[in-house]
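# A look at the structure
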Amino acid sequence: MTIQLFSTLEEELRRLGNISDKSSFRKFLDHEDEQKQIADIFVRINEARVRFEVRIMTFCSSVSSQCHFYVVSAGCKSL
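Chains are numbered independently. Their residues run from 1 in the order of the written sequence. Local features in a predicted model are, by the rule used here, given only for residues with pLDDT of at least 70; side-chain atom pairs are given and counted only at 80 or more, and totals for whole chains, interfaces and linings are based on all residues. Water and hydrogen atoms play no part in the side-chain values, which are based on all heavy atoms of the structure.

## A closer look at a nonpolar patch on the surface
Short version of the rule: Patch rule: a residue counts if its relative accessible area is over 30% and it has no salt bridge; like charges are joined within 9 Å, and nonpolar side chains (Val, Leu, Ile, Met, Phe, Trp, Tyr) within 5 Å. Surface accessibility follows the Shrake-Rupley procedure with a 1.4 Å probe radius. Residue values consider only the protein chains on display as shielding. Salt-bridge detection follows one rule: a side-chain nitrogen of Lys or Arg within 4 Å of a carboxyl oxygen of Asp or Glu. Secondary structure elements follow DSSP: runs of H or I of four or more residues count as helices, runs of E of two or more count as strands, with numbering from the N terminus.
The grouping of Val-50, Val-54 and Met-57 at the surface amounts to a nonpolar patch, some 260 Å² of accessible area in total. Note that Val-54 resides in helix α3 (residues 32-73).

As structure tokens, then:
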């Protein structure tokens, strides 16, 4: 789960660095193409974050269900 998030962050930060290396901060703010590239990078970072959060929630839900199953199997009525 975290490997995909971190690899996305690493790749997108590398892309930001490449843009930064090619032009000064003020210069790239004046160019629509570079503005779009930067916006796209942050969209991909956000998408990776959302995927990570969904996977964590799914994992937590699964663990919770398993705990409930074992509690019921053990004859307990609740935790």
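Following the structure, the description resumes.
## Description of the confidence of the model for the protein chain
Cut-off, in case you're wondering: Per-residue confidence from the predictor is reported as pLDDT, which spans 0 to 100.
Across the protein chain, the average pLDDT comes to 81, with 82% of residues at 70 or higher. When pLDDT is averaged over each helix and strand of the protein chain, the minimum, 58, is found for helix α2 (residues 25-29) and the maximum, 86, for α3.

## So, the environment of Gln-37
Rules: Three labels apply to residues, based on accessible area from a 1.4 Å probe with only protein chains included: buried if under 20% of the type maximum, exposed if over 50%, partly exposed otherwise in between.
Inspection of the secondary structure puts Gln-37 in helix α3. Accessibility expressed as a relative area gives 33% for Gln-37, which makes it partly exposed.

## With respect to the pattern of salt bridges
All chains considered together, the criterion is met by six salt bridges. With its nearest N and O atoms 3.3 Å apart, the salt bridge here joins Arg-15 to Glu-11. In this pair, Arg-15 and Glu-11 are both assigned in helix α1 (residues 2-22), four residues apart and thus about one turn of the helix distant. For Arg-15, the salt bridge is made with Glu-12, and the minimal N-O distance between the two is 3.1 Å. Linking Arg-15 with Glu-12, this pair stays in helix α1, spanning three residues, or about one helical turn.

## A look at the side chain of Thr-8
What counts here: Contact between two residues is taken to exist if any of their heavy atoms lie within 4.5 Å; hydrogens are not considered.
Tracing the sequence through the fold places Thr-8 in helix α1. With a relative accessible area of 14%, Thr-8 lands in the buried category. Not counting residues within four places of it along the chain, the set of residues in contact with Thr-8 comprises Arg-44, Ala-48 and Arg-51.

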